[in-house]
Amino acid sequence: MKRRRLRPDEEELWRKVVSNTERLHPEKPLKPQDFVTTPQTKPRKKATFEAIPKSLTIKPQAPSTSAYLSPTIAEQVGGQPVQMDKKAFDQLKRGKLRPEGKLDLHGMTLERAHPALTRFILNAQSGGKRLVLIVTGKGKQRDDGGPIPVRFGVLRHQVPQWLSMPPLAPAVLQVTQAHVRHGGGGAYYVYLRKLR
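Read on for a plain summary of the structure. Nothing here was measured: the structure is a model prediction, and the numbers come from that model.

So, how was this worked out
- Residues numbered from 1 in each chain as written.
- Predicted model: local features only at pLDDT ≥ 70, side-chain atom pairs only at ≥ 80, totals over all residues.
- Heavy atoms only, no water.
- Helix = DSSP H or I, 4+ residues; strand = E, 2+ residues; numbered from the N terminus.
- Buried < 20%, exposed > 50% of the residue type's maximum accessible area, 1.4 Å probe, protein only.
- Areas by Shrake-Rupley, 256 points an atom, 1.4 Å probe, with all protein chains shown as cover.
- Pairing = 2+ DSSP bridges.
- Polar contact = N/O pair within 3.5 Å; in protein donor to acceptor, adjacent residues only side chain to side chain.
- Contact = heavy atoms within 4.5 Å.
- Core = buried A, V, L, I, M, F, W, Y, C linked by side-chain atoms within 4.5 Å.
- Salt bridge = Lys/Arg side-chain N within 4 Å of Asp/Glu carboxyl O.
- Axes fitted to C-alpha atoms, helices over the stretch in contact; angles between N-to-C directions.

## Section: the overall build of the chain
1) Next: Helices and strands together make up the secondary structure of the chain, namely five helices and four strands.
2) Next: Mapped in sequence order, the helices and strands of the chain form the string α-α-α-β-α-β-α-β-β.
3) Next: Taking all 196 residues of the chain together, 27% fall into the buried category.
4) Next: Summed over all atoms, the accessible surface of the chain reaches about 15,600 Å², with 56% contributed by carbon and sulfur.

## Side note on the pairing of strand 3 (residues 172-177)
1) Next: Burial runs high along strand 3: five of the six residues are buried.
2) Next: Sheet topology note: the strand 3/strand 4 (residues 187-192) ladder contains five bridges and is antiparallel. By the bridge assignment, Gln177 is partnered in strand 4 with Tyr188.

## Quick word on the side chain of Glu10
1) Next: Tracing the backbone through its elements, the reader meets Glu10 in helix 1 (residues 8-19).
2) Next: Polar contacts involving the side chain of Glu10 include one to the side chain of Arg4, which spans 2.7 Å.
3) Next: The contact partners of Glu10, leaving out residues within four places of it in the chain, are Arg4 and Arg5.

## Overview of the nonpolar core
1) Next: Core analysis: the biggest nonpolar cluster contains 21 residues, and Leu105, Leu117, Ile121, Ile134, Val159, Leu163 and Val190 have the highest contact counts within it.
2) Next: Elements with a contribution of two residues or more to this core: helix 4 (110-126), strand 2 (131-135), helix 5 (154-163), strand 3 and strand 4.
3) Next: Sorting elements by how many residues they give to this core places helix 4 first, with six residues.
4) Next: One finds Met84, Leu92, Ala178 and Tyr191 within the second-largest nonpolar core, a separate group that totals 12 residues.

## Some points on the pattern of salt bridges
1) Next: Counted under the stated rule, the structure contains four salt bridges.
2) Next: Across the pair Asp9 and Arg7 runs a salt bridge, and its minimum N-O distance is 3.4 Å.
3) Next: Glu10 serves as the salt-bridge partner of Arg7, at 3.6 Å between the closest nitrogen and oxygen.
4) Next: Judged by its relative accessible area of 44%, Arg7 falls in the partly exposed class.
5) Next: One salt-bridge network, held together by shared partners, links Arg4, Arg7, Asp9 and Glu10.

## A word on the sheet that holds strand 1 (residues 101-104)
1) Next: Sheet architecture is open: four strands sit in the order 1-2-4-3, paired in mixed fashion. With one partner strand each, in any of the chains shown, strand 1 and strand 3 form the two edges of the open sheet. Along the sheet, successive strands turn relative to each other by an average axial angle of 20 degrees, direction set aside.
2) Next: With five bridges connecting them, strand 2 and strand 4 associate as antiparallel partners. Looking across to strand 4, one finds that Ile134 is bridged to Tyr188.
3) Next: Strand contacts of helix 3 (residues 86-93): strand 2, strand 3 and strand 4, with the helix running at about 35 degrees to strand 3, the strand carrying the most contacts.
4) Next: In the packing of helix 5 onto the sheet, contacts are made with strand 2, strand 3 and strand 4, and the angle to strand 4 comes to roughly 10 degrees.

Here it is, written out as structure tokens:
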């Protein structure tokens, strides 16, 4: 990028500023470049292009999720450490375990869904159930074109957060995205702790 030259009135203003300032470190000796008052432009070299050896070419990669503002729901839920038995977790991920209860939150508002989820999880745990299915749906595209983007699938994003906070956190051992036969990206398996 080429810098523009200072106008005479700008140079005069700069000289006034320099003459009224004090050095931060007067004990250090001055160097010749400290006296430069106007930017010096160096003549540019003409660019030359050479063939890049094939061994140095860069292969395109898929964009990493770290480039986005927040990780996807699948990454958030899938990134949690496995708290339950590994063998049972593998069966769960493959859809081999059958949920003992199901809560469908389709069409509910956040205000209605949160108490319904809390009631369902605590009742399921007190009833001795270990695996329940929470259906949130995948969400609908509701962006009205305004300056603030609307989150796609509000319940789908909110349910894992509710499950990780009191009063539900002590009851929940593991949360993972459901297998396709039980709802896939629009549902969660919730594996509950045994009530003591």
